[in-house]
Protein chains: 2
Amino acid sequence: MTAPLRVGVAGLGTVGAGVVKLLRENAALIAGRAGRPIAVTAVSARERHRDRGVSLDGLRWHADAKALAAEPEVDVVVEVIGGAEGPARRLVEAAIAAGKPVVTANKALLATHGVEIARLAEAKGVPLAYEAAVAGGIPAIKALREGLAGNRISRVAGILNGTCNYILTEMRLRGLSFEAVLSEAQALGYAEADPSFDVDGVDAAHKLAILAALAFGRPVDLASLHIEGIRRVSALDISLAGEFGYRIKLLGIATRDEHGVSARVHPCMVPLASPIAAVEGVFNAVLAEGDAVGRVMLQGRGAGAGPTASAVVADLIDIARGRGAPVWGADALDDAPAVPMERHVGAYYLRLMVTDRPGVIADVTGILRDERISLESMLQRGRSPEEAVPVVLVTHDCEEAAMRQALARIEALDAVLEPPAVIRIEAL
Amino acid sequence: MTAPLRVGVAGLGTVGAGVVKLLRENAALIAGRAGRPIAVTAVSARERHRDRGVSLDGLRWHADAKALAAEPEVDVVVEVIGGAEGPARRLVEAAIAAGKPVVTANKALLATHGVEIARLAEAKGVPLAYEAAVAGGIPAIKALREGLAGNRISRVAGILNGTCNYILTEMRLRGLSFEAVLSEAQALGYAEADPSFDVDGVDAAHKLAILAALAFGRPVDLASLHIEGIRRVSALDISLAGEFGYRIKLLGIATRDEHGVSARVHPCMVPLASPIAAVEGVFNAVLAEGDAVGRVMLQGRGAGAGPTASAVVADLIDIARGRGAPVWGADALDDAPAVPMERHVGAYYLRLMVTDRPGVIADVTGILRDERISLESMLQRGRSPEEAVPVVLVTHDCEEAAMRQALARIEALDAVLEPPAVIRIEAL
């Protein structure tokens, strides 16, 4: 057996401590699979003397993460600090400059500076691995970059944020509001005190940008991504979705066709019989469609110490074995244009709260007809003259631009009492 | 760009022709991902002049597959002939002996001679890749061998035969018998004229043996595998399963615990809410449970030209990139003992056809009590004195040996009119 691969871990939060622990607990098995031992030799974190459930005895300590890049006892740097800027970015750039392979779980960094960092890594011939950046323990990066490498990928999609999927699942099972489940999740530590990164779809967008770059061999372009979170999903819409045979999921979806690449994160209605509808709670899923393979879906835990450490250690084993791939999967990146959200074509669920009075439905359907949007079904239950009642409309495929025009006019109607709830339908 | 990787394809059935086609259609994309072109230069099949939908112009032709091993224009051999013996085995052994990497889709060969062939390959330092041997286009081998390599795997399971899953799905959706759906599937070309390899569970057992070897780092041991197919699954049991909240799937399941490794293929009842219950029709699924990652499941098409070619080409790209792993994932294989089926512990669904007469249920439940098997629920619907009625019993966990004892005694009762239908319940 050859010399150990010496690892420096930057960031000793849940994930960093999880990596140290996993490398120790499964040391023999990992050495067998890696062909050599993998051992943590140095660490970096802000506070030295916090109890993290792992002993740091015998490890070199650096208060400044960037110092791991220069540490002679370190062959590979694991970056689990997080954040698109600051110490994480400085460490990753320094490690690459020093010729040391980097394993990172940092989706914000890759989604924001991925092209630039990949260029540095490839110029230096240094591996940059990031399985843990997307969908935690699910080997989605490896599946897309290597497992499906013979395919032209037309679509990649997924449930990419466990907090959102947990909230939507609890709302459905217990009939609760978004706010009620969020407060509870915060109290239990499942959601952050400031949840906007998760619930507004930003985290899912970072992961989608990475998946799209890999799937389509095209640089990450966060600015062109359409992002909506789950704050406006109501218990009423979740329940109505069920009646129409759908389940509401926050999905990231990127597609490539002859017009270019479109990428979007928003709540979707997916058919109940669709396998992605069965992915519940904190579980994540990643789905890819390739020209040869058809549809492949992977599911598992998207976050947490164990799953994330599993992904980091898999990357370390690849590095120990000398297995590598270009950062974005191919030697050259593509330059397909971004397709704006206005050009999106799909079916829509609209739920209006209207005053129950003659002529309202005629006004609404007239506007849809003017915009050449045809209806698949409509639901108005019961009658309460002059009171607020929900009306649900499900459309056939139409263009987002037409839908936006129609919505602006519908919202302006006197009898329409609040902004319409709009959820796109995806036949995944 | 470096010199092309030159491929010899042995076997030009659906899969072989699919590989030739995929390498041509996605040539530029594959070259980008592989870092060099991958080109078929030679082929072998029994009949030279059959229309396979791909041109063989300019390719070297060998009537004897084994000759590809000696062909100077071939760097890598793709074996898609099939069969545990004969030309497939001779070719694989000759290629390894000649130092040429082998990509094979041959589960029978690997399940039967995998240990021996792996030894040859490792002695020669020659890559032996077999993504296509299990679950078609799903990158399950890569996920287990590399993506989850940091984990101690405790269980690997899956829907490993698309023909069986298709038959069970159609039986359920249309209320048809096994025989009716099988004949139809044969007429449509979805099932073989001699279907026993599929419907008796042998094909699934081959794949399970490979997954278990990889997951547990332990030699394949087909003889210790418990195998039951789907011939005895009835439309009645499928319908009753639904009433009890289950769906019937043919699963391969291998587990490892302190006693050793158990591996079995048989029809199972899985909870309707379980993600594996949502895998329908010809789709396959592979599930793994690791100590760090928890449960991960992959699903997709398990057979067919496109999905299988996708897996073969992924292996070729790995070889072109120089990415490799020991055949069974680790440098040394384990020698955990096989746990016999008699030691299996789980819950059981029993459906008896009994004469509706006083005392029958008391006799049956008395036998179960004698064997210390406790009941979770029982269903006897309607009453038809002195006629045959179905009685369903669902047990709590018990040992297979006790269940077999009980079944022998139950079957011997006068009022029990046919052998009990027994389906194991799996909380996957």
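Conventions and cut-offs
- Residues numbered from 1 in each chain as written.
- Chains lettered and ligands numbered in written order.
- Predicted model: local features only at pLDDT ≥ 70, side-chain atom pairs only at ≥ 80, totals over all residues.
- Heavy atoms only, no water.
- Helix = DSSP H or I, 4+ residues; strand = E, 2+ residues; numbered from the N terminus.
- Rg over C-alpha atoms; globule rule 2.2 N^0.38 Å.
- Buried < 20%, exposed > 50% of the residue type's maximum accessible area, 1.4 Å probe, protein only.
- Contact = heavy atoms within 4.5 Å.
- Areas by Shrake-Rupley, 256 points an atom, 1.4 Å probe, with all protein chains shown as cover.
- Domains from an automatic or database assignment.
- Buried area = accessible area lost by both parts, 1.4 Å probe.
- Salt bridge = Lys/Arg side-chain N within 4 Å of Asp/Glu carboxyl O.
- Polar contact = N/O pair within 3.5 Å; in protein donor to acceptor, adjacent residues only side chain to side chain.
- Nonpolar A, V, L, I, M, F, W, Y, C, P; charged D, E, K, R; others polar.
- Least-squares fit on C-alpha atoms with pLDDT ≥ 70 in both.
- Pairing = 2+ DSSP bridges.
- Axes fitted to C-alpha atoms, helices over the stretch in contact; angles between N-to-C directions.
- Parallel < 35°, antiparallel > 145°, perpendicular 65-115°, else oblique.
- Phe/Tyr/Trp six-rings, centres within 6.5 Å; stacked < 30°, edge-to-face > 60°.

Chemist: I'm lost on the overall build of chain A in this one. Help?
Modeler: When helices and strands are counted, chain A shows 14 helices and 17 strands. By the compact-globule yardstick of 22 Å for 428 residues, chain A fits well, its C-alpha radius of gyration being 24 Å. Overall, the C-alpha framework of chain A stretches about 80 × 45 × 35 Å when taken along its three principal axes. Looking at chain A as a whole, 59% of its 428 residues qualify as buried. Of all intrachain contacts in chain A linking residues separated by at least 6 positions in sequence, the fraction that spans at least 24 positions is 74%. Counting every atom, chain A has about 16,100 Å² of accessible surface; 51% of that belongs to carbon and sulfur.

Chemist: Got a minute to help me understand the domain arrangement of chain A in this structure?
Modeler: Reports often express the size of an interface as the amount of accessible area lost when the parts come together. Residue and element names in this part refer to chain A. Along its sequence, chain A is carved into domain 1 (5-133), domain 2 (140-300) and domain 3 (342-425). Averaged C-alpha coordinates put domain 1 and domain 2 at centres separated by 28 Å. Across the boundary between the two partners, domain 1 contributes 10 residues, which contact 13 residues of domain 2. The junction of domain 1 with domain 2 conceals about 950 Å² of combined surface from both sides, 66% of it contributed by carbon and sulfur atoms. Looking only at domain 1, the three residues that lose the most surface to domain 2 are Ala111, Tyr130 and Glu131, adding up to 52% of its buried area. Counting the contacts that link domain 1 with domain 2 gives one salt bridge. Viewed at the interface, domain 2 and domain 1 are joined by three residue pairs in polar contact (both at pLDDT 80 or more). Across the side of domain 1 that touches domain 2, the residue classes tally to seven nonpolar, one polar and two charged.

Chemist: Please clarify how the relation of the copies chain B and chain A should be interpreted in this entry.
Modeler: Superposition of the two copies of the chain requires a rotation about an axis together with a shift along that axis. Its rotation angle being 180°, the transformation that places chain B on chain A also includes 0.0 Å of axial translation and leaves an RMSD of 0.0 Å. What the superposition gives is, in effect, a two-fold axis relating one chain to the other. Of the residues that chain B buries at the interface, 100% are likewise interface residues in chain A, meaning the two copies contact each other through the same surface.

Chemist: Quick question: what am I supposed to make of the interface of chain B and chain A here?
Modeler: Counting residues at the interface gives 47 residues for chain B and 47 residues for chain A. A buried area of about 4,000 Å², summed over both sides, lies between chain B and chain A, and 52% of it is on carbon and sulfur atoms. Interface area lost by chain B to chain A is led by Arg33(B), Gln299(B) and Arg323(B), which between them contribute 16%. For the interface between chain B and chain A, the tally reads four salt bridges. The closest approach of N and O atoms between Arg323(B) and Glu146(A), which form a salt bridge, is 3.8 Å. Linking chain B with chain A are 16 residue pairs in polar contact (both at pLDDT 80 or more), by the criterion used here. When contributions to the side of chain B that touches chain A are tallied by element, the ones reaching two or more residues are α2 (27-34), α6 (140-147), β12 (294-301) and α12 (305-321) of chain B. By residue number, the principal contributor to the side of chain B that touches chain A is α12(B), which donates eight residues.

Chemist: Honestly, the sheet that holds strand β6 (residues 128-129) of chain A in this entry has me stumped. Any pointers?
Modeler: Pairing between the strands of a sheet is mediated by backbone hydrogen bonds and can be parallel or antiparallel. All names here are of chain A. If you walk across this open sheet you meet the six strands as β3-β2-β1-β4-β5-β6, and the pairing is parallel. Each edge of the sheet is formed by a strand with only one pairing partner; in this case those strands are β3 (60-62) and β6. Bridge analysis of strand β2 (residues 38-44) against β3 gives three bridges, and the strand direction is parallel. The residue bridging Ser44 from the neighbouring strand is His62, located in β3.

Chemist: Whenever I open this one, the pattern of salt bridges confuses me. Can you help?
Modeler: Should the charged atoms of two oppositely charged side chains come close, the side chains can pair. Under the definition given, this model contains 66 salt bridges over all chains. The closest approach of N and O atoms between Arg6(A) and Glu73(A), which form a salt bridge, is 3.9 Å. You can see Arg6(A) sitting in strand β1 (residues 5-10) and its partner Glu73(A) sitting in the loop between α3 (67-70) and β4 (76-79), a full 67 residues away along the chain. Exposure remark for Glu73(A): the relative accessible area of 30% places this residue in the partly exposed category. For Glu280(A), the salt bridge goes to Arg247(A), with nearest N and O atoms at 3.2 Å. Of this pair, Glu280(A) sits in the loop between β10 (260-271) and β11 (283-290) while Arg247(A) sits in strand β9 (residues 246-257), and the two are 33 residues apart along the sequence. Residue classification places Arg247(A) among the buried residues on the basis of a relative accessible area of 18%. Through salt bridges with shared partners, a single ionic network connects Lys142(A), Glu146(A), Asp318(A), Arg323(A), Lys142(B), Glu146(B), Asp318(B) and Arg323(B).

Chemist: Would you mind going over the environment of Val312(A) with me for this structure?
Modeler: Residues and elements named next belong to chain A. Turning to its location among the elements, Val312 is positioned in helix α12 (residues 305-321). Look at Val312 and you get buried, because its relative accessible area is 0%. Residues Val312 and Val92, spaced 220 residues apart in sequence, show a C-alpha to C-alpha distance of 15 Å. When neighbours within four sequence positions are excluded, Val312 is seen to be in contact with Val19, Val78, Val103 and Ala132.

Chemist: Is there a simple way to think about the environment of Ile425(B) in this case?
Modeler: All names here are of chain B. Looking at the element boundaries, Ile425 is found in strand β17 (residues 421-425). Judged by its relative accessible area of 10%, Ile425 falls in the buried class. Between the C-alpha atom of Ile425 and that of Thr395, which follows or precedes it by 30 residues, the distance is 9.2 Å. Once residues lying within four places of it in the same chain are set aside, the contact partners of Ile425 are Tyr246, Met269, Ala347, Tyr348, Tyr349 and Val394.

Chemist: Looking at this model, I keep getting lost on the packing of helix α2 (residues 27-34) of chain A against α12(A). Mind explaining?
Modeler: Packed helices, taken two at a time, are described by the angle their axes make and the gap between the axes. All names here are of chain A. As a packed pair, α2 and α12 sit with axes 9 Å apart at the nearest point and diverge in direction by 45°. Considered as vectors, α2 and α12 are oriented oblique to each other. Touching Ile30, Gly32, Arg33 and Ala34 of α2 are Val313, Ile317, Ala320 and Arg321, all from α12. When grouped by side-chain class, the residues that make up the contact of α2 with α12 number five nonpolar, one polar and two charged.

Chemist: It is not clear to me how the sheet that holds strand β1 (residues 5-10) of chain B should be interpreted in this structure. Could you clarify?
Modeler: On the basis of which strands lie adjacent, the open sheet formed by six strands has the order β3-β2-β1-β4-β5-β6 (chain B) and parallel pairing. Edge positions in the sheet fall to β3 (60-62) and β6 (128-129) of chain B, since each has one partner strand and no second.

Chemist: What's the story with the packing of aromatic side chains in this structure? I'm lost.
Modeler: All names here are of chain B. Under the criterion given, the structure shown has five aromatic pairs over all chains. For the ring pair Tyr130 and Trp328, a centre distance of 5.5 Å and an interplane angle of 55° mean the geometry is tilted. Of this pair, Tyr130 sits in the loop between β6 and α6 while Trp328 is found in the loop between α12 and β13 (345-355), placing the two residues 198 residues apart along the sequence. Here Tyr130 and Trp328 have matching classes, each one buried.

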